[in-house]
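This is what each chain is made of:
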Amino acid sequence: MKKISLILLVILLGSCAGDSNSFMNRNKFENLVKRFEDPTRTKSQKPDEVIALFGDIAGKKIMDIGAGTGYFSFRMADKGAKVIAADVDDRFLDYIEEKRLKSNSNNVSTRKVEYEDPLLKKEEVDHVIIVNTYHHIEDREAYFTKVKNGINREGSLMVVDFKKEVKSPGPPKRYRVAVDKVKEELMVAGFDEFEVNNDLLETQYIVIAR
Ligand SMILES: C[S@@+](CC[C@H](N)C(=O)[O-])C[C@H]1O[C@@H](n2cnc3c(N)ncnc32)[C@H](O)[C@@H]1O
């Protein structure tokens, strides 16, 4: 009897844990699209001001990791960047392809990437941006070593993710990664210069790493 109870407890705990992708995908795809594309999101997300932190991006090649609906990809493309919208999920990549065809935007291409590999060639891009997706990556030190390798010498990585200490809609606290941990992990991955912006966005930090 004791043994059966123990097995049931292990199964129950297992089903409660899960990773942040399973947690996100408890929502229907249509609801995720609605949430990511919500027009009122501009107030809290300030996409144009976030993108401006890269400086002039006209003509720059940028990978958007975890592009989702392309919320950031299309905005960067409108500013003249050549954007690789990268995601692991075909539903989002198809959504972006459709949007690209409708908007006739030649500045966005899609790339299906792997959970543990952004599939960047050496120094392929000027910048990488990863919004609300850093916490979805599992072995981040190995993953961002590959990201570092894919960015050219003058380029940078921008991480935008949820503040751990601020209660807000988004992933539960157990999935969030504190900003100091982001810096520590990126240092192991080979980045050594950091700018942290905690003020622009109320619920998210921004780390620019080189
Ligand atoms: C919370 S959404 C963020 C979407 C978009 N960046 C935005 O801000 O609207 C997370 C996205 O990351 C993608 N994703 C999850 N794990 C990933 C991984 N290891 N590599 C690339 N994309 C991933 C998901 O499919 C999803 O589209």
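Cut-offs applied
- Chains are numbered independently. Their residues run from 1 in the order of the written sequence.
- This being a predicted model, a pLDDT of at least 70 is required before a residue's local features are given, and a value of 80 or more before pairs of side-chain atoms are given or counted; all residues contribute to the totals for chains, interfaces and linings.
- The basis for the side-chain values is all heavy atoms of the structure; hydrogens and waters are excluded.
- By nonpolar core is meant a set of buried Ala, Val, Leu, Ile, Met, Phe, Trp, Tyr and Cys residues that side-chain atoms within 4.5 Å join together.
- The buried label applies to any residue whose accessible area, calculated with a 1.4 Å probe on protein chains only, is under 20% of its type's maximum; exposed applies above 50%, and partly exposed to all values in between.
- By the criteria applied, helices consist of DSSP H or I runs no shorter than four residues and strands consist of E runs no shorter than two, each listed in order from the N terminus.
- Contacts: residue pairs with any heavy atoms within 4.5 Å of one another.
- Axis definition: a line fit to C-alpha positions, over the contact stretch in the case of helices; interaxial angles, taken between N-to-C directions, run 0 to 180 degrees.
- Convention used here: angles under 35 degrees read as roughly parallel, angles over 145 as roughly antiparallel, angles from 65 to 115 as roughly perpendicular, and any remaining angle as oblique.
- Helix crossings are classified by the rotation of the near helix relative to the far one: an anticlockwise turn of less than a right angle makes the crossing left-handed, while a clockwise turn makes it right-handed.
- Any N or O atom pair separated by 3.5 Å or less is treated as a polar contact, with the protein-specific requirement of one donor-capable and one acceptor-capable atom, and with residues adjacent in sequence counted only for side-chain atom pairs.
- Any residue with relative accessible area above 30% and no salt bridge may belong to a patch, with like charges joined within 9 Å and the nonpolar Val, Leu, Ile, Met, Phe, Trp and Tyr side chains within 5 Å.
- In this description, accessible areas are obtained by the Shrake-Rupley approach with a 1.4 Å probe, and a residue is regarded as covered only by the protein chains that are shown.
- Salt bridges are defined as contacts in which a side-chain nitrogen from Lys or Arg sits within 4 Å of a carboxyl oxygen from Asp or Glu.
- A positive count includes Lys and Arg, and a negative count includes Asp and Glu. His and the chain ends are not counted in either.
- Think of each charge as sitting on NZ of Lys, CZ of Arg, CG of Asp or CD of Glu.

Let us now look at the nonpolar core. Counting 26 residues, the largest nonpolar core has Val 128, Phe 144, Val 147, Leu 157, Val 159, Leu 186 and Phe 191 as its most contacted members. Taken together, the elements giving at least two residues each to this core come down to strand E1 (61-65), strand E2 (82-87), strand E4 (125-131), helix H8 (140-150), strand E5 (151-162), helix H9 (179-188) and strand E7 (204-209). With near-sequence residues (within four places) excluded, Val 128 lies in contact with Phe 54, Met 63, Ile 65, Leu 120, Val 147, Ile 151, Ser 156, Leu 157 and Met 158.

When two helices pack together, you describe them by how their axes are tilted relative to each other and by the distance separating the axes. Where H8 contacts H9, the two axes come as close as 8 Å, and the packing angle between them is 60 degrees. What the angle tells us is that H8 and H9 run oblique. Crossing geometry of H8 relative to H9 is assigned as right-handed. Contact residues: Arg 140, Glu 141 and Phe 144 in H8; Lys 181, Glu 185, Leu 186 and Val 188 in H9.

Along the chain, Glu 37 turns up in helix H3 (residues 29-37). Residue classification places Glu 37 among the partly exposed residues on the basis of a relative accessible area of 24%. For Glu 37 and Tyr 71, which are 34 residues apart along the polypeptide, the C-alpha to C-alpha distance reads 6.7 Å. Not counting chain neighbours up to four residues away, the residues in contact with Glu 37 comprise Thr 69, Tyr 71, Tyr 95 and Lys 99.

The next point concerns the side chain of Asn 132. Take Asn 132: it is sitting in the loop between E4 and H8. Judged by relative accessible area, which is 17%, Asn 132 ranks as buried. Of the polar contacts made by the side chain of Asn 132, one reaches the side chain of Gln 204; its length is 2.6 Å. For Asn 132, the contacting residues outside a window of four places in its chain are Arg 41, Gln 45, Val 160, Asp 161, Phe 162 and Gln 204.

Among the surface-exposed residues, Asp 19, Glu 114, Glu 116, Glu 138, Asp 139, Glu 141, Asp 180 and Glu 184 lie close enough to one another that they form a single negatively charged patch. Note that Glu 184 resides in helix H9.

This next bit is on the side chain of Glu 124. Residue placement: Glu 124 occurs in the loop between strand E3 (108-112) and E4. Since its relative accessible area comes to 14%, Glu 124 is described here as buried. Within the local environment of Glu 124, its side chain forms a polar contact with the side chain of Arg 111, the two groups lying 2.8 Å apart. Looking at Glu 124, its side chain comes within polar contact range of the main-chain nitrogen of Lys 121, at 2.8 Å. Excluding residues that lie within four positions of it along the chain, Glu 124 makes contacts with Lys 61, Ile 84, Arg 111, Leu 119 and Gly 150.

Just geometry here; none of it tells us what the structure is for.
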